[in-house]
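Letter by letter, the chains look like this.
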Amino acid sequence: MEQAPPDPERQLQPAPLEPLGSPDAGLGAAVGKEAEGAGEESSGVDTMTHNNFWLKKIEISVSEAEKRTGRNAMNMQETYTAYLIETRSVEHTDGQSVLTDSLWRRYSEFELLRSYLLVYYPHIVVPPLPEKRAEFVWHKLSADNMDPDFVERRRIGLENFLLRIASHPILCRDKIFYLFLTQEGNWKETVNETGFQLKADSRLKALNATFRVKNPDKRFTDLKHYSDELQSVISHLLRVRARVADRLYGVYKVHGNYGRVFRHSWSLFFFLISWSYKILERPLWFFSSSSRSKSEWSAIEKEMGDGLQSAGHHMDVFRGYMCRYASSIDDILEDEEHYADQLKEYLFYAEALRAVCRKHELMQYDLEMAAQDLASKKQQCEELVTGTVRTFSLKGMTTKLFGQETPEQREARIKVLEEQINEGEQQLKSKNLEGREFVKNAWADIERFKEQKNRDLKEALISYAVMQISMCKKGIQVWTNAKECFSKM
């Protein structure tokens with residue numbers, strides 16, 4: 001009797017297998033040897049800081065953004081933004097510096113590159129692109145994707161996207177990525193020739209696997225919950241930050257009005273003092289708040305001249321403090337936007353984590369379907385060999401309708417089923433090994449991602465807290481100076 005098929009439950013377990021290879025592991029002449037050496041040293045997925053040979057040999061930057069007008073695939077005129085990518089070898093083989101190579105790319109080409117990486121490296125948490133349209137913005141910030149400030153922040157985000165790939169121990173060795181940095185013409189055709197669109201899993205198939213898989217891996221289920229929680233927490237943090245920015249902007253602009261308020265109060269003060277000294281017979285223009293009238297009055301009132309001039313001076317100093325403090329909010333909120341963009345990157349990383357989980361669910365579902373199909377064929381073969389037929393099976397119904405099979409027909413069917421069983425066992429074994437390899441490589445990259453996330457978010461939040469402390473210290477200093485001005489009047 002044939003052995004029962006292996007239980008698909010917990011099939012996809014990590015095993016000491018080699019990592020998946022890339023479509024083409026060549027880096028090009030500039031960094032070929034370094035890439036080969038790093039590939040030999042790395043037995044799996046290493047952290048970015050230990051294996052970033054690309055960044056050691058080549059400098060990558062997105063140095064400029066330019067607004068352009070052209071025609072799209074529908075032959076309709078459109079306005080878009082192109083980004084200048086510059087690459088430069090740090091040092092050539094003969095020790096001489098190399099000229100900078102540069103080319104222009106559209107945002108859609110960055111999207112095409114990432115789509116290709118998602119298909120060919122499903123076990124990797126592929127770095128996300130910056131947002132195409134502004135989200136989680138406070139009301140004074142423009143949400144237009146052509147706004148110069150937004151384009152500048154997106155330029156920084158695209159540069160960070162390329163640096164993330166270049167510092168990844170596997171993605172950096174991909175030929176398509178190398179050509180993205182060096183080949184301006186026909187790059188899209190080169191990507192399409194890889195046929196990655198045909199290899200992409202449909203969303204409907206992924207959704208079907210999500211609901212129909214019987215034995216999901218608990219680790220990947222927990223990872224989905226982790227990605228959902230990461231997205232929820234960062235989204236909430238960004239919404240709170242946008243509301244705080246609105247209130248902070250209002251508070252700072254109120255400080256700009258304090259100078260004008262105290263200036264009018266100073267004019268009223270002059271009027272009351274003049275009335276107390278019974279000099280109301282002078283023209284009303286004499287008591288205006290201009291520096292000329294104050295100086296004239298001080299010259300006339302010799303006994304109060306020094307005090308009035310000193311008070312006017314300190315009032316002008318106070319007004320300057322308030323105006324400078326109010327205008328500083330624009331630079332502060334601009335700096336805050338850069339910290340917000342760092343948080344948004346990990347907001348989008350949550351979807352990259354879910355993409356890895358979806359691929360694992362698809363592989364687990366295919367494995368379960370292969371095991372089920374194999375078990376069905378083995379049962380059919382056993383029924384034919386033993387001659388037992390279940391009444392309510394398909395075989396039982398056909399026997400009642402068309403009668404018993406001849407021995408020759410039964411032997412032929414048994415032979416076909418045995419061949420199908422052998423093929424099914426090989427297929428199941430292959431899927432099982434493929435799944436184990438996927439889990440091993442995926443989990444190694446997920447651990448690398450978590451280390452990167454903890455390091456980056458810790459650095460970003462500490463820098464943000466330091467900026468807030470510095471901002472509060474400046475506010476305290478402004479009011480300390482204002483208090484000194486009042487005490488000297």
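Small disclaimer: the values here were computed from a predicted structure and weren't measured.

Scoring rules and cut-offs
Residues numbered from 1 in each chain as written. Predicted model: local features only at pLDDT ≥ 70, side-chain atom pairs only at ≥ 80, totals over all residues. Heavy atoms only, no water. Buried < 20%, exposed > 50% of the residue type's maximum accessible area, 1.4 Å probe, protein only. Helix = DSSP H or I, 4+ residues; strand = E, 2+ residues; numbered from the N terminus. Polar contact = N/O pair within 3.5 Å; in protein donor to acceptor, adjacent residues only side chain to side chain. Salt bridge = Lys/Arg side-chain N within 4 Å of Asp/Glu carboxyl O. Phe/Tyr/Trp six-rings, centres within 6.5 Å; stacked < 30°, edge-to-face > 60°. Pairing = 2+ DSSP bridges. Axes fitted to C-alpha atoms, helices over the stretch in contact; angles between N-to-C directions. Contact = heavy atoms within 4.5 Å. 1 Å grid on protein atoms, 1.4 Å probe; cavity = no way out; pocket = protein on both sides within 12 Å on 5 of 7 lines; lining within 4 Å. Points joined across faces, edges and corners; volume = space filled by probe spheres on them. Nonpolar A, V, L, I, M, F, W, Y, C, P; charged D, E, K, R; others polar. Parallel < 35°, antiparallel > 145°, perpendicular 65-115°, else oblique. Left-handed = near helix turned anticlockwise from the far one by under 90°.

Observations regarding helix H5 (residues 175-182)
Spacing of three or four residues puts side chains on the same side of an α-helix, whose turn is 3.6 residues.
Turning to step 1, where the next piece is worked out: Among the eight residues of H5, six are classified as buried, and the element is accordingly described as predominantly covered.
Turning to step 2, where the next piece is worked out: Turning to H5, its buried residues number three or more, namely Ile 176, Phe 177, Tyr 178, Leu 179, Phe 180 and Leu 181.
Turning to step 3, where the next piece is worked out: You can read the cap of H5 off the contacts: a side-chain oxygen lies 2.9 Å from the backbone nitrogen of Ile 176, and it is on Asp 174.

Here's the deal with the environment of Arg 219
Turning to step 1, where the next piece is worked out: Along the chain, Arg 219 turns up in helix H9 (residues 218-276).
Turning to step 2, where the next piece is worked out: For the pair formed by Arg 219 and Cys 357, sequence separation is 138 residues and the distance between their alpha carbons is 9.6 Å.

Details of the pattern of salt bridges
Where charged atoms from two side chains of opposite charge come close, those side chains can pair.
Turning to step 1, where the next piece is worked out: With the rule as written, the count across this model stands at 21 salt bridges.
Turning to step 2, where the next piece is worked out: With its nearest N and O atoms 2.8 Å apart, the salt bridge here joins Lys 344 to Glu 131. In this pair, Lys 344 is assigned in helix H11 (residues 305-386) and Glu 131 in the loop between helix H3 (107-120) and helix H4 (148-166), connecting sequence segments 213 residues apart. The residues Lys 344 and Glu 131 share a single accessibility class, namely buried.
Turning to step 3, where the next piece is worked out: One network of salt bridges, with partners in common, ties together Asp 228, Glu 351, Arg 354 and Arg 358.

Overview of unusual backbone geometry
Negative phi characterises most residues that are not glycine, and trans characterises most peptide bonds.
Turning to step 1, where the next piece is worked out: In this structure, Asn 186 is a non-glycine residue whose phi angle is positive, near 65 degrees.
Turning to step 2, where the next piece is worked out: Note on placement: Asn 186 falls in the loop between H5 and helix H6 (187-193).
Turning to step 3, where the next piece is worked out: The exposure class assigned to Asn 186 is exposed, which follows from its relative accessible area of 54%.

Quick look at the packing of aromatic side chains
Turning to step 1, where the next piece is worked out: Inspection of the entire model under this criterion finds 10 aromatic pairs.
Turning to step 2, where the next piece is worked out: Ring centres of Tyr 346 and Phe 449 lie 6.0 Å apart, and the angle between their planes is 40 degrees; this geometry places the pair in the tilted category. Of this pair, Tyr 346 sits in helix H11 while Phe 449 sits in helix H13 (residues 407-488), and the two are 103 residues apart along the sequence.
Turning to step 3, where the next piece is worked out: Judged by relative accessible area, which is 1%, Tyr 346 ranks as buried.
Turning to step 4, where the next piece is worked out: Given the relative accessible area of 0%, Phe 449 is considered buried.
Turning to step 5, where the next piece is worked out: Within the aromatic cluster, the residues linked to one another by ring pairs are Phe 110, Phe 161, Phe 180 and Trp 187.

Looking at the sheet that holds strand S2 (residues 77-89)
Turning to step 1, where the next piece is worked out: One open sheet holds the three strands; their spatial order is S1-S2-S3, and the pairing between them is antiparallel. Either end of the sheet is taken by a strand with one partner, and the two such strands are strand S1 (58-71) and strand S3 (101-106). Each strand axis lies, on average, 25 degrees off the axis of its neighbour in the sheet, ignoring direction.
Turning to step 2, where the next piece is worked out: Bridge count between S2 and S3: six bridges; the pairing is antiparallel. In the sheet register, Ile 85 faces S3, and the bridge partner there is Leu 103.
Turning to step 3, where the next piece is worked out: Across the sheet, H3 is in contact with S2 and S3; its angle to S3 comes to roughly 90 degrees.
Turning to step 4, where the next piece is worked out: Packing against the sheet, H4 makes contact with S1 and S2, and its axis sits at approximately 135 degrees to S1.

Here's the deal with empty space enclosed by the protein
Turning to step 1, where the next piece is worked out: Taken as a whole and judged by the stated rule, the model has two cavities of 30 Å³ or more.
Turning to step 2, where the next piece is worked out: Taken as a whole, the largest cavity holds about 60 Å³ of empty space.
Turning to step 3, where the next piece is worked out: Surrounding the largest cavity, Val 213, Pro 216, Asp 217, Phe 220, Thr 221, Lys 224, Cys 357, His 360, Glu 361 and Gln 364 form its lining.
Turning to step 4, where the next piece is worked out: Going through the elements one at a time, H9 and H11 are the ones with two or more residues in the lining of the largest cavity.
Turning to step 5, where the next piece is worked out: Of all the elements, H11 adds the most residues to the lining of the largest cavity, at four residues.
Turning to step 6, where the next piece is worked out: Partitioning the lining of the largest cavity into residue classes produces four nonpolar, three polar and three charged.

A short note on the packing of H3 against H4
Turning to step 1, where the next piece is worked out: Here H3 crosses H4 at 30 degrees, and the two axes come no closer than 12 Å. Between H3 and H4, the interaxial angle falls into the category roughly parallel. Our pair here, H3 against H4, has a crossing hand that is left-handed. Across the interface between the two elements, Tyr 107, Phe 110, Leu 113, Arg 114 and Leu 117 from H3 touch Arg 154, Leu 158, Phe 161, Leu 162 and Ile 165 from H4.
Turning to step 2, where the next piece is worked out: Of the residues assigned to the contact of H3 with H4, the class counts are eight nonpolar, no polar and two charged.

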